[in-house]
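# Tertiary structure, described
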Amino acid sequence: MTALPQVTAPALAETLDALPGRLRKKVDEAVTRAAAWPVTAGDGQVTVAVDDATVVTLVLTDGVVRTGADARCSCLLAPNCLHRVAVLALAPVYDGLDDPADAAEAGASGEDVSSGEPGGVPASGEPGGSGPSTAADRAAAEMPGGAVSSAGPGADHAGGAASSGQAGPGPDAEGGAVLTDRQRSAADGLWRAGAAVLEAGTAGSGLVLRTGLLRAVHEARAHGLHRAAAAGTRVAAGLQALREARPQFRLAELTDDLRELLTLSHQLRDPALSAAQAGGLLGTARRGYDAQAGLRLYGLCTVPVVAESGYAGTATYVADRDGRLWLVADIAPGGVERAARAGDTVVALGEAGLSHRALTRAGMVVSGGTATESGQLGAGKSVRAVRASGAGWTEEPLRRLWDEPLDAQVDRALAALAVPVGVRPAGGDLLFLAVRVIGAGAGDTVLAQTADGAGLLLTVADDHPELAYRENLRLLGGAEGLELLVVGRPDPARRATVAALSIGVAPGTGDALRLPQAWSGHADLGYDRLHRSQLRAGGSAVATAVRAPATGDPAMQLLRRHLERVVSGGRAVHALVATEERRLRRSRLDLGAHLLAELTLAARHRPGTCSAA
């Protein structure tokens, strides 16, 4: 079936506003039915067959449905009919960004996917936006460390409010910049939309609330509130993922995204906001690309990227002679199917002709290149690149990545995950571990042990069945005693938990891990599919006294469960439950107990007039 084209948030909001009140109550039911309507692409338009007599036609401008008038229905109730709204609600939302990688950032996790791309991304994700990081991107999930398309611009781009074409902030009393009235109004709109989602909970956040949030996101981005808009986009994408029962949906990630949205918008609404504070809260629309001297690069690993914003592809980490990590990615509109095949696309750097999966096991010499300050490589007409030999993980310069002490790695990675993906150093959120497999954990996880005896839990980085993560982790869990080198991303919500991205042969283990010669000693778990015959126990007995992975502070987990329950059930559910304030105070979490009590009091309070603010 042909995929639906992207639609702007104002177009969706326009069609929803046109519906009579009696039809608004039926919107979510209509959207569910619309998922089965066949889609056909034509010359500059897409048609959706509702039934034998009714057709919805979407007129595209540069591949996007830009206004409500561009969605036309042949039924008698048109234009104020449910059919238009249902079709547009199913389509991915166009975020208005020119660069695919920036668009992915606005939606993800990890990561590069987290204000950007995988895992993260995604101006918060990761493989963030960003993605490889369903730990995000997140990134994001979102994409990796703020992955940027390898076809990205080679010239610098202005960031902040000025790049949006809106009037910039005015001077404050000290000569700095403060928000304009329109920016404060946009921040207030985001706050109200986020508060409405919190009040209703995920169970009650249907299309009407999601559209209201997307409308607020559109206004915020138009007025230069890029960080808050990215957080709002991730919340809307999370609500959509829950409605469609996508396996990668995580309530914990949605909770974090909603918290960030409310925090940022609340700070931006503050009349006393100073110029110094405003600069960090606004974020930037585009990342600048600077010219780079000649780079000798060595492939490290390749990660599939699936951002909630409707972008997907692949991101490849490479290292230079000094061991600094760089990132090159191929991100474009699409879903997991595109991510699954993007590893075989050619890297758009010069004329080297290498695919991403080939680059991860080879090398490249680049001249005339461009890159962001965070290490994301761009491509331009001046870029020249030729293939070169690669290096194994146990060889220089890659070996030094595993030489960094584990404590220092964890501190670095967690600090990087706290930074918006758009400015997060490429690969800054990665861990490089030497582990021994202890056995299989629950839900296709792998129990492992570090060299100093600490327990570790390796988890699936992305739940999509089209990717190889889950199958590979299931096989690794059965190879007790196997010693491995691992590239992974820590889960900031769970101690001693790492999303495994790639594995390699540990030095001195012989043929315990027998990988094809073409794989050059490592397997990218999202792409390369392991076979049972390639794995066998390391030969030596597994240590009997293994420290199990730490599960975190029980009191903090209790507080976290309450917060996730609020996000899931909304005001009505939380108002009826008993609090755990006394248990938190006994654990000396006095501030958490106070905040939880205030939250419960607010849930139970019913003002005379309804206000989301």
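Given the structure is predicted, the values throughout are model-derived calculations rather than measurements.

Moving on: the overall build of the chain. Along the backbone of the chain there are 18 helices and 23 strands. When each of the 613 residues of the chain is scored for burial, the buried share is 56%. A total accessible area of about 24800 Å² is found for the chain, and carbon and sulfur atoms account for 54% of it.

So, about the sheet that holds strand β14 (residues 363–367). Taken together, the 5 strands give an open sheet; going across it, the order is β13-β12-β11-β14-β17, and neighbouring strands pair in antiparallel fashion. Both edges of this open sheet fall to β13 (325–333) and β17 (384–388), since each of them pairs with a single strand only. Averaged over all pairs of adjacent strands, the angle between strand axes in this sheet comes to 35 degrees, irrespective of strand direction. Relative to strand β12 (residues 311–319), strand β11 (residues 295–306) runs antiparallel, the two sharing 8 bridges. By the bridge assignment, Cys301 is partnered in β12 with Tyr317.

Another aspect to go through is the packing of aromatic side chains. On inspection of all chains with the given rule, the structure shows 2 aromatic pairs. Where Trp402 meets Phe432, the ring centres are 5.2 Å apart and the plane angle is 70 degrees; that geometry is what we call edge-to-face. Here the residue Trp402 occupies a position in helix α13 (residues 399–403), and Phe432 occupies one in strand β18 (residues 431–440), the gap between them amounting to 30 residues. An aromatic cluster is built from Trp393, Trp402 and Phe432, whose rings are joined through pairwise contacts. The ring of Trp326 has Arg324 lying over it, and the distance from NZ or CZ to the ring centre is 4.0 Å.

Another aspect to go through is the confidence of the model for the chain. On average, the chain scores 78 in pLDDT, and the residues at 70 or more come to 77%. Model confidence for the chain, summarised as mean pLDDT per element, is weakest for helix α5 (residues 100–107) at 41 and strongest for strand β23 (residues 522–524) at 95. Counting contacts from residues 98–168, a segment whose pLDDT is below 50, to residues more than four positions away or on other chains yields 552 contacts. This model gives residues 609–613 a pLDDT under 50, and the stretch forms 8 contacts once residues within four places in sequence are excluded.

As a further point, take the sheet that holds strand β2 (residues 39–41). Spatially, the 4 strands line up as an open sheet ordered β2-β3-β4-β6, and their pairing is antiparallel. The open sheet has two free edges, formed respectively by β2 and β6 (71–73), since each of these has just one partner strand. Sheet twist, expressed as the average angle between the axes of neighbouring strands with direction ignored, equals 20 degrees. As defined by bridge partners, β2 adjoins strand β3 (residues 45–49) across 3 bridges and the pair is classed as antiparallel. In the sheet register, Ala41 faces β3, and the bridge partner there is Val46.

On inspection of all chains with the given rule, the structure shows 25 salt bridges. A salt bridge links Glu260 to Arg227; its shortest N-O distance comes to 3.9 Å. Residue Glu260 is found in helix α9 (residues 251–269), and its partner Arg227 is found in helix α8 (residues 226–243); the two are separated by 33 residues along the sequence. Notably, a salt bridge pairs Glu260 with Arg234, separated by 2.7 Å at the nearest N-O pair. Pair noted here: Glu260 is in helix α9 and Arg234 is in helix α8, with a separation of 26 residues, a long-range link.

Burial analysis of β12 places 9 of its 9 residues in the buried class, the great majority of the element. A two-sided burial pattern is seen for β12, the buried positions comprising Tyr311, Gly313, Ala315, Tyr317 and Ala319 on one face and Ala312, Thr314, Thr316 and Val318 on the other. By the bridge criterion, 9 bridges tie β12 to β13 in an arrangement that is antiparallel. Each bridged residue has a counterpart across the sheet, and for Val318 the counterpart in β13 is Trp326. Hairpin connection between β12 and β13: a loop of 5 residues separates the two successive antiparallel strands, and Gly323 in this loop has a positive phi of roughly 85 degrees.

Our next topic: the nonpolar core. Ranked by size, the top nonpolar core spans 65 residues in total, and within it Leu4, Val27, Leu58, Leu190, Leu213 and Leu268 carry the most contacts. Contact partners of Leu190, with chain neighbours within four places excluded, come to Leu213, Ala216, Val217, Ala220, Ala228, Ala229, Leu261 and Ser265. In this structure, Leu327, Trp393, Leu430 and Leu525 belong to the second largest nonpolar core, which totals 61 residues.

Relative to the 16 Å expected for 12 residues at 1.5 Å per residue, helix α14 (residues 406–417) spans 16 Å between its end C-alpha atoms, a close match to the ideal helical length. Where α14 is concerned, the buried positions are Gln409, Ala413, Ala416 and Leu417. In an axial view of α14, the angular spread of the buried residues amounts to 100 degrees, which keeps them on one side of the axis. Seen from the buried face of α14, the exposed residues on the opposite side, beyond 90 degrees, are Asp407 and Asp411.

Rules used in this analysis
- Residues numbered from 1 in each chain as written.
- Predicted model: local features only at pLDDT ≥ 70, side-chain atom pairs only at ≥ 80, totals over all residues.
- Heavy atoms only, no water.
- Helix = DSSP H or I, 4+ residues; strand = E, 2+ residues; numbered from the N terminus.
- Buried < 20%, exposed > 50% of the residue type's maximum accessible area, 1.4 Å probe, protein only.
- Areas by Shrake-Rupley, 256 points an atom, 1.4 Å probe, with all protein chains shown as cover.
- Pairing = 2+ DSSP bridges.
- Axes fitted to C-alpha atoms, helices over the stretch in contact; angles between N-to-C directions.
- Phe/Tyr/Trp six-rings, centres within 6.5 Å; stacked < 30°, edge-to-face > 60°.
- Lys NZ or Arg CZ within 6 Å of the ring centre and 35° of its normal.
- pLDDT = per-residue confidence, 0-100.
- Contact = heavy atoms within 4.5 Å.
- Salt bridge = Lys/Arg side-chain N within 4 Å of Asp/Glu carboxyl O.
- Core = buried A, V, L, I, M, F, W, Y, C linked by side-chain atoms within 4.5 Å.
- Expected span 1.5 Å × (residues − 1).
- Arc of directions from axis to C-beta.

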